[in-house]
Amino acid sequence: MVWGEWEKLGWSPIQYRLCLYDITTGIKEVIRTTSAPISIYPSDIQGYIITWQESMRYSKYYLYTLYYYNISTGVTTCIVRDEHSPTGSSIDGNLIAYTSTKDGAYNFYLYDISTNTSKQLTRSPSLKSGAVISNGKMAWIDQRNDPYGDVYMAFLDKTPPAKPVVVDEGEFTDSTT
């Protein structure tokens, strides 16, 4: 289990921590500690990989950093650092999908842990969110055709990635009846 917590330490600034709890051993481990103005936002955990975002107020701008931590090696790696808010990561094996606005629009990027490289997956000006990757596919919500969003999916094993297809056009049903 992973979470972020903060604590005000007397007269000193707020301290932010990224914590990991091992259910089998009952041990809590602090993975990362920062002080204000840096905030920590846990994002995803899968297997031995944890991702999180940090934001830091810098002058009149914010600087955002997306990290991953390998629990088995204890190594922290920076995926991307910029003022374009990398967020919303999803992990599948050695791949981490995340959102960034570095080209002026919300687009998805894919970071490969084994090669330490990122590549851009989507290229459209529409608002996108909620990327989830699994078994070589990525699904997300995209508002290019509907202000409420449609669910799109693309295959990641294509080079370049296959053109996304609409999976669900917002027609949801109540499964409790």
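Just so it is clear, the model here is predicted, and its values are computed rather than measured. (Residues numbered from 1 in each chain as written. Predicted model: local features only at pLDDT ≥ 70, side-chain atom pairs only at ≥ 80, totals over all residues. Heavy atoms only, no water.)

Draft legend 1. A look at the overall build of the protein chain. Across its full length, the protein chain carries zero helices and 15 strands. The buried share among the 177 residues of the protein chain stands at 37%. Sequence-distant contacts, at least 24 apart, represent 18% of the contacts inside the protein chain between residues at least 6 apart. By element, 54% of the accessible surface of the protein chain is carried by carbon and sulfur atoms, the whole surface being about 10400 Å². (Helix = DSSP H or I, 4+ residues; strand = E, 2+ residues; numbered from the N terminus. Buried < 20%, exposed > 50% of the residue type's maximum accessible area, 1.4 Å probe, protein only. Contact = heavy atoms within 4.5 Å. Areas by Shrake-Rupley, 256 points an atom, 1.4 Å probe, with all protein chains shown as cover.)

Draft legend 2. Region of interest: the environment of Thr51. Looking at the secondary structure, you find Thr51 in strand 5 (residues 49–58). According to the relative accessible area criterion, Thr51 is buried, its value standing at 0%. Here Ser89 takes part through its side chain, which lies 2.5 Å from a polar atom of the side chain of Thr51. (Polar contact = N/O pair within 3.5 Å; in protein donor to acceptor, adjacent residues only side chain to side chain.)

Draft legend 3. Quick peek at the pairing of strand 3 (residues 27–35). Across eight bridges, the pairing between strand 2 (residues 14–22) and strand 3 is antiparallel. Along strand 3, the bridge assignment pairs Leu18 with Arg32. Taken together, strand 2 and the strand that follows it, strand 3, pair antiparallel across an intervening segment of four residues, in which Gly26 is found at a positive phi of about 75°. (Pairing = 2+ DSSP bridges.)

Draft legend 4. Looking closely at the side chain of Ser89. Within the fold, Ser89 resides in strand 8 (residues 87–92). A distance of 2.7 Å separates polar atoms of two side chains, one belonging to Ser89 and the other to Ser43. Residues within four places of Ser89 in sequence aside, it is in contact with Ser43, Asp44, Thr51, Leu66, Ile96, Ala97 and Tyr98.

Draft legend 5. The arrangement of the sheet that holds strand 11 (residues 117–120) in detail. The strand order across the open sheet formed by four strands is 8-9-10-11, and the pairing between neighbours is antiparallel. One side of each edge strand has no neighbouring strand; the edge strands of this open sheet are strand 8 and strand 11. Between one strand axis and the next, the sheet turns through 25° on average, direction left out of account. Inspection of the sheet shows strand 10 (residues 107–112) paired to strand 11 by four bridges, in the antiparallel sense. Within the sheet, the bridge partner assigned to Tyr111 lies in strand 11 and is Ser118. (Axes fitted to C-alpha atoms, helices over the stretch in contact; angles between N-to-C directions.)

Draft legend 6. Up close: the pattern of salt bridges. Applying the stated rule across the entire model yields two salt bridges. Residue Glu54 pairs with Arg32 through a salt bridge whose shortest N-O separation is 2.5 Å. You can see Glu54 sitting in strand 5 and its partner Arg32 sitting in strand 3, a full 22 residues away along the chain. Its salt-bridge partner being Asp142, residue Arg144 comes within 2.7 Å of it at the nearest N-O pair. (Salt bridge = Lys/Arg side-chain N within 4 Å of Asp/Glu carboxyl O.)

Draft legend 7. Region of the structure containing the confidence of the model for the protein chain. The pLDDT averaged across the protein chain works out to 79; a share of 81% of its residues lies at or above 70. Confidence over residues 170–177 falls short of pLDDT 50; this stretch has two contacts with residues more than four positions distant or in other chains. (pLDDT = per-residue confidence, 0-100.)

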